Amino acid sequence: MEKTEFGCTKGAEAVLNVPPKSSIPISYHPFFGPHDDLLLLELDEKLLPDVINQRVSFRGESNEDAVLCTKSKTYAVKFVGTSNSVFLVPPSDQFEVDGNPPIASVIKVAPGTMELVEVAPKIDKLRTLLLENLYRYDEDDQMHDSGLYQWNDLTDRVQASDEELKSALRVLSAVEINGYWRIVDDKYMDQVLKMLINNSILNDWSLSSLDENKVVESLVNEGYSRVIAHHCLEVYGSKTNGSVWELDKKRVCVHFARVILLDNGKMKMESFMEEWISKVPGGMVASLDMLEGEILVEKLGIQSWVYAFSVFSLPSDPANRFSRLFQERAKWEWKDLHSYIRDLSVPGLTSDGLLLKYTRRTQPTADAEPVFTAR
Amino acid sequence: MEIKLKCSCGESSWPEWAIIELQGVVEVQPAFQDRMQNLQIGLLCRPSSQETYTFTVGYHELSGSKIPLKKPLLVLKKKMIKSDMEIDQNDSSRVELEVVGIIRQRILFKTRPKALISEPQSAVKEKVRAPCPVVEK
């Protein structure tokens, strides 16, 4: 199928399919101009299906640098300029003109392209937003109207993909109540959990085999809402099969430790352990290793003191995380440090890479524990 | 704010756009500054069956070749969505980006132009800046 030089192919098709031993004139388009509304986005081939299925969006507020989110990942968008002249030629069926337009014409000179770099989601903002207005008791209809966020409000404000946002909400133990995503106040959760355990003892239910309906009904009878009753099971338990739940020993024990330290602040180790062991329900054994990433132990003279320092309250980006850690302590041993950095994820950087970048490692002798200080 | 990347072409492939890229800047002679529409920039020529090209702009000839892009470029078009609800809390109307095309290859002229002696004067002349690096990705 020979096409002559001035055949019917036009626009980009003509430029991309110049027959051998022929030429075509390149002109300025009748609509040539800056066309700031036309942008070029460089995209990995593997992301194209996400675009086709319309699962890709730009997220960020006007004071933030935009990110691009697919269903599961977040990418920083960087504008890369060029000093070359990049002539953009649209296909013939776009920017159509009446009359006899040129064969192939340039609609704009592109100043550069947008490129993507995979980044960690910016989820600290999510915590800040949800902490504005904690859910302190079953409010029924006396809802405050500020500091409340629905799913769409969160995707408008938080630079994270849907999946990253959902997983961050899980980590924060957030729950959707009347359409709004909320974090429930620790003290309120404490009441609900105590009531749940209390009811189980009264009714002779095993904490490792709780019937969802019975538990929820018993809490509803005490005046708690259904959604809070269910949330309590989600936060402190896991489904074993069907509607049977098992309370998670570690999560329950950690909860009681946190509430004790919340009430008392820094405590002597002995009095903390004594109170903790007395608070956890029968059949559960509290042990200090459950509290990795939740507490720090400080030695003052011969006395050990313990205080709350939860990894979940720390910034999630590495630079701020390490700065906050070294503000807390100038020197960290690995056995303490690892539980405060293992959740950090930076695309393209291993945890060793993080340590190398943000810490200085010293090891007095070959078999001594390494100590990490700020860089 | 969330700006969705719209894609109305569904499963079918996006129309392919073309890029002709050269070093430096093509300047239009002052007399033609305000009537650039339909003005011819140059002649794109494919001398053989290979993917090598020449681009003749005024007195100058550039040589280059068609190369596939390592990663495709999507052509996005920004569109304002007019909202019926004018009581929108923020006055900025919503924006939408639509994918209108894809670019998979470019014809790149990365050499300095060669002067042609007996070429007729054209309305467009090319001005080449001091050697500027070609961005290799």
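Remember, predicted model here, so these are calculated numbers, not experimental data.

Criteria and cut-off values
- Residues numbered from 1 in each chain as written.
- Chains lettered and ligands numbered in written order.
- Predicted model: local features only at pLDDT ≥ 70, side-chain atom pairs only at ≥ 80, totals over all residues.
- Heavy atoms only, no water.
- Pairing = 2+ DSSP bridges.
- Helix = DSSP H or I, 4+ residues; strand = E, 2+ residues; numbered from the N terminus.
- Axes fitted to C-alpha atoms, helices over the stretch in contact; angles between N-to-C directions.
- Parallel < 35°, antiparallel > 145°, perpendicular 65-115°, else oblique.
- Left-handed = near helix turned anticlockwise from the far one by under 90°.
- Contact = heavy atoms within 4.5 Å.
- Nonpolar A, V, L, I, M, F, W, Y, C, P; charged D, E, K, R; others polar.
- Buried area = accessible area lost by both parts, 1.4 Å probe.
- Salt bridge = Lys/Arg side-chain N within 4 Å of Asp/Glu carboxyl O.
- Polar contact = N/O pair within 3.5 Å; in protein donor to acceptor, adjacent residues only side chain to side chain.
- Domains from an automatic or database assignment.
- Buried < 20%, exposed > 50% of the residue type's maximum accessible area, 1.4 Å probe, protein only.
- Phe/Tyr/Trp six-rings, centres within 6.5 Å; stacked < 30°, edge-to-face > 60°.
- Lys NZ or Arg CZ within 6 Å of the ring centre and 35° of its normal.
- Arc of directions from axis to C-beta.

**Student:** How would you sum up the sheet that holds strand β10 (residues 210–211) of chain A? Please name residues and give values.
**Tutor:** Residue and element names in this part refer to chain A. What the 3 strands build is an open sheet, ordered β10-β12-β11; its pairing is antiparallel. Only two strands of the sheet have a single partner each, and these edge strands are β10 and β11 (237–241). Two elements, β11 and strand β12 (residues 244–247), share 4 bridges in a ladder whose sense is antiparallel. Bridged to lysine 239 within β12 is tryptophan 245.

**Student:** Outline the packing of helix α7 (residues 212–221) of chain A against helix α8 (residues 226–236) of chain A, listing residues and values.
**Tutor:** Residues and elements named next belong to chain A. Where α7 meets α8, the closest approach of the two axes is 9 Å, and the angle between their N-to-C directions is 130°. One way to sum up the angle between α7 and α8 is to call them oblique. Crossing of α7 against α8: the hand is right-handed. Along the contact surface, α7 presents Glu212, Val215, Val216, Glu217, Leu219 and Val220, while α8 presents Arg226, Ala229, His230 and Leu233. Class assignment of the residues belonging to the contact of α7 with α8 gives a composition of 6 nonpolar, 1 polar and 3 charged.

**Student:** Please give an account of the interface of chain B and chain A that cites residues and values.
**Tutor:** Between chain B and chain A, the residue contacts involve 64 residues of the former and 57 residues of the latter. When the buried surface of chain B facing chain A is broken down by residue, B:Met1, B:Leu5 and B:Trp17 rank first, second and third, together holding 12% of it. Inspection of the region where chain B meets chain A yields 4 salt bridges. The interface formed by chain B and chain A contains 29 residue pairs in polar contact (both at pLDDT 80 or more). Looking at the side of chain B that touches chain A, the elements that each hand over two or more residues are β1 (2–6), β2 (18–22), β3 (25–28), β4 (40–46), β5 (52–57), β6 (60–80) and β7 (95–109) of chain B. Residues belonging to the side of chain B that touches chain A are distributed by class as follows: 39 nonpolar, 10 polar and 15 charged. Pairing geometry for strand β2 (residues 38–42) of chain A and β6(B), over 5 bridges, is antiparallel. Note on β6(B): the bridge partner recorded for A:Glu42 is B:Leu73.

**Student:** So, the domain arrangement of chain A: which residues are in play, and what are the values?
**Tutor:** All names here are of chain A. Partitioning chain A into structural domains gives domain 1 (12–117), domain 2 (124–183), domain 3 (186–247) and domain 4 (286–374). Computed over C-alpha atoms, the centres of domain 2 and domain 3 are 22 Å apart. Taken together, the contact pairs 9 residues of domain 2 with 8 residues of domain 3. At the boundary of domain 2 with domain 3, total buried surface from both sides reaches about 600 Å², with 64% on carbon and sulfur atoms. The three residues of domain 2 that bury the most area against domain 3 are Asp138, Ser173 and Val175, which together make up 60% of that side's buried surface. Scanning the region where domain 2 abuts domain 3 turns up 0 salt bridges. The class makeup of the residues in the side of domain 2 that touches domain 3 is 5 nonpolar, 1 polar and 3 charged.

**Student:** Mind laying out the environment of A:Leu47, listing which residues take part and the relevant values?
**Tutor:** Residue and element names in this part refer to chain A. Secondary-structure assignment places leucine 47 in the loop between β2 and α2 (48–52). Judged by relative accessible area, leucine 47 falls into the buried class, the value being 7%. Apart from residues lying up to four places away in sequence, leucine 47 is in contact with Thr70, Tyr75 and Leu116.

**Student:** How would you sum up the environment of A:Thr74? Please name residues and give values.
**Tutor:** Residue and element names in this part refer to chain A. By secondary structure assignment, the location of threonine 74 is in strand β5 (residues 74–89). A C-alpha to C-alpha distance of 39 Å links threonine 74 and leucine 210, two positions 136 residues apart in sequence. The residues touching threonine 74, leaving out its near neighbours within four places in the chain, are Val67, Leu68, Cys69, Val117, Glu118, Val119, Pro121, Gln159, Ala160, Ser161 and Glu164. A distance of 3.3 Å separates a polar side-chain atom of threonine 74 from the backbone nitrogen of serine 161.

**Student:** Lay out the packing of aromatic side chains in plain terms, naming residues and giving numbers.
**Tutor:** All names here are of chain A. Scanning the entire structure with this criterion turns up 12 aromatic pairs over all chains. When the ring of tyrosine 135 is compared with that of tyrosine 188, the centres are 6.4 Å apart and the planes differ by 65°; the resulting orientation is edge-to-face. Of this pair, tyrosine 135 sits in the loop between α3 (124–131) and α4 (151–157) while tyrosine 188 is found in helix α6 (residues 186–202), placing the two residues 53 residues apart along the sequence. With 5.2 Å between their ring centres and 10° between their planes, phenylalanine 322 and tyrosine 358 make a pair best called stacked. With phenylalanine 322 in helix α11 (residues 318–328) and tyrosine 358 in helix α13 (residues 351–358), the pair connects residues that are 36 residues apart, well separated along the chain. A network of ring pairs unites the aromatic residues Tyr135, Tyr188 and Tyr224 as a single cluster. For the cation-ring pair, lysine 266 lies above tyrosine 307, with the distance from its terminal atom to the ring centre recorded as 4.8 Å. For arginine 329, the ring lying beneath its charged end belongs to tryptophan 332, and the centroid distance is 5.4 Å.

**Student:** An account of α11(A) is needed here, citing residue identities and associated values.
**Tutor:** Residue and element names in this part refer to chain A. Regarding α11, the residues found buried are Pro318, Arg321, Phe322, Leu325 and Phe326. Taken end-on, α11 shows its buried residues confined to a sector of 125°, consistent with a single buried face. Check the buried side of α11 and you find it contacts β16 (331–333), α12 (334–341), α13, β17 (359–362) and β18 (371–374).

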